Amino acid sequence: MNKLLSLTNRLPAVAMLFSLALAPLLGGCSGRSSNGNITIAGIIYLLLAVLAVVSLIKQDWSIGKKIIWGLVIWFFPFLGSIIYFLFSGRK
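Definitions and limits used
Residues numbered from 1 in each chain as written. Predicted model: local features only at pLDDT ≥ 70, side-chain atom pairs only at ≥ 80, totals over all residues. Heavy atoms only, no water. Core = buried A, V, L, I, M, F, W, Y, C linked by side-chain atoms within 4.5 Å. Buried < 20%, exposed > 50% of the residue type's maximum accessible area, 1.4 Å probe, protein only. Helix = DSSP H or I, 4+ residues; strand = E, 2+ residues; numbered from the N terminus. Contact = heavy atoms within 4.5 Å. Phe/Tyr/Trp six-rings, centres within 6.5 Å; stacked < 30°, edge-to-face > 60°. Patch = residues over 30% accessible without salt bridge, like charges linked within 9 Å, V, L, I, M, F, W, Y side chains within 5 Å. Areas by Shrake-Rupley, 256 points an atom, 1.4 Å probe, with all protein chains shown as cover. Salt bridge = Lys/Arg side-chain N within 4 Å of Asp/Glu carboxyl O. Axes fitted to C-alpha atoms, helices over the stretch in contact; angles between N-to-C directions. Parallel < 35°, antiparallel > 145°, perpendicular 65-115°, else oblique. Left-handed = near helix turned anticlockwise from the far one by under 90°. Polar contact = N/O pair within 3.5 Å; in protein donor to acceptor, adjacent residues only side chain to side chain.

Colleague: Could you give an account of the nonpolar core, naming the residues involved and the relevant values?
Modeller: Leu-48, Ala-52, Leu-56, Trp-61, Trp-69, Val-72, Ile-73, Phe-78, Ile-82, Tyr-84, Phe-85 and Leu-86 form the largest nonpolar core, which has 12 residues in total. For this core, the secondary-structure elements that each account for two or more residues are helix 3 (40-58), helix 4 (63-75) and helix 5 (77-87). Looking at this core, the element that brings in the most residues is helix 5, giving 5 residues. Excluding residues that lie within four positions of it along the chain, Trp-69 makes contacts with Leu-56, Trp-61, Ile-83, Tyr-84, Phe-87 and Ser-88.

Shown next as structure tokens:
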């Protein structure tokens, strides 16, 4: 229970519910429509990924830890950014 309270202190409850509600919808989404235009899901992913990478670069962690978190963000497209913001223990 303490871990759940800790998570909700890091990320506002509304943002957490929003991300959990959208996760199944965005899992199979390529971020582009059939005519090549970027979709709203693609814009949301791009913003989350950029914010996560900028936050990652600003951390005073070792290179190894930064590389591991960078790989999480890269290989788990939408959820990787959310996982980073929830569990990274950033300052």
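Colleague: So what's going on with helix 5? Which residues, and what values?
Modeller: Listed in full, the buried residues belonging to helix 5 are Phe-78, Gly-80, Ser-81, Ile-82, Tyr-84, Phe-85 and Leu-86. One or two steps after helix 5, the chain reaches Gly-89, where phi turns positive at roughly 70 degrees.

Colleague: Describe the packing of aromatic side chains, listing the residues and the values that go with them.
Modeller: Tallied over the full model, the rule gives 3 aromatic pairs. Consider the rings of Trp-61 and Tyr-84, whose centres lie 6.5 Å apart with planes at 70 degrees: the pair is edge-to-face. Within this pair, whereas Trp-61 is found in the loop between helix 3 and helix 4, its partner Tyr-84 is found in helix 5, the two being separated by 23 residues in sequence. When the centroid spacing of 5.4 Å and the interplanar angle of 65 degrees are considered together, the rings of Tyr-84 and Phe-85 count as edge-to-face. Side by side, Tyr-84 and Phe-85 carry an identical accessibility label, which is buried. An aromatic cluster is defined as three or more aromatic residues linked by ring pairs; in this entry it consists of Trp-61, Trp-69, Tyr-84 and Phe-85.

Colleague: I'd like a rundown of a nonpolar patch on the surface, residues and numbers included.
Modeller: Together, Ile-63, Ile-67, Leu-71, Trp-74, Phe-75, Phe-76, Leu-79, Ile-83 and Phe-87 give the surface a local cluster of nonpolar side chains, amounting to about 980 Å² of exposed area. For the nonpolar patch, the elements supplying multiple residues, two or more each, are helix 4 and helix 5. Per element, the largest residue contribution to the nonpolar patch is 5 residues, and it comes from helix 4. With respect to the helices, strands and loops of the structure, Ile-67 is situated in helix 4. On the accessibility criterion, Ile-67 (48% relative accessible area) is partly exposed.

Colleague: Help me get a handle on the packing of helix 3 against helix 5, residues and values and all.
Modeller: Two numbers describe how helix 3 lies on helix 5: the axes approach to 9 Å, and their chain directions differ by 40 degrees. When the axes of helix 3 and helix 5 are compared, the pair comes out oblique. Here helix 3 runs over helix 5; the crossing is left-handed. Residues Ile-44, Tyr-45, Leu-48, Ala-49, Leu-51, Ala-52, Ser-55 and Leu-56 of helix 3 touch helix 5, and the partners they reach there are Pro-77, Phe-78, Ser-81, Ile-82, Tyr-84 and Phe-85.

Colleague: Lay out the environment of Lys-66 with the relevant residues and their values.
Modeller: Secondary-structure assignment places Lys-66 in helix 4. Those residues in contact with Lys-66 that lie beyond four places of it in its chain are Leu-56, Ile-57, Gln-59 and Trp-61. A polar contact is formed between the side chain of Lys-66 and the backbone oxygen of Ile-57, at a distance of 3.3 Å.

Just geometry here; none of it tells us what the structure is for.
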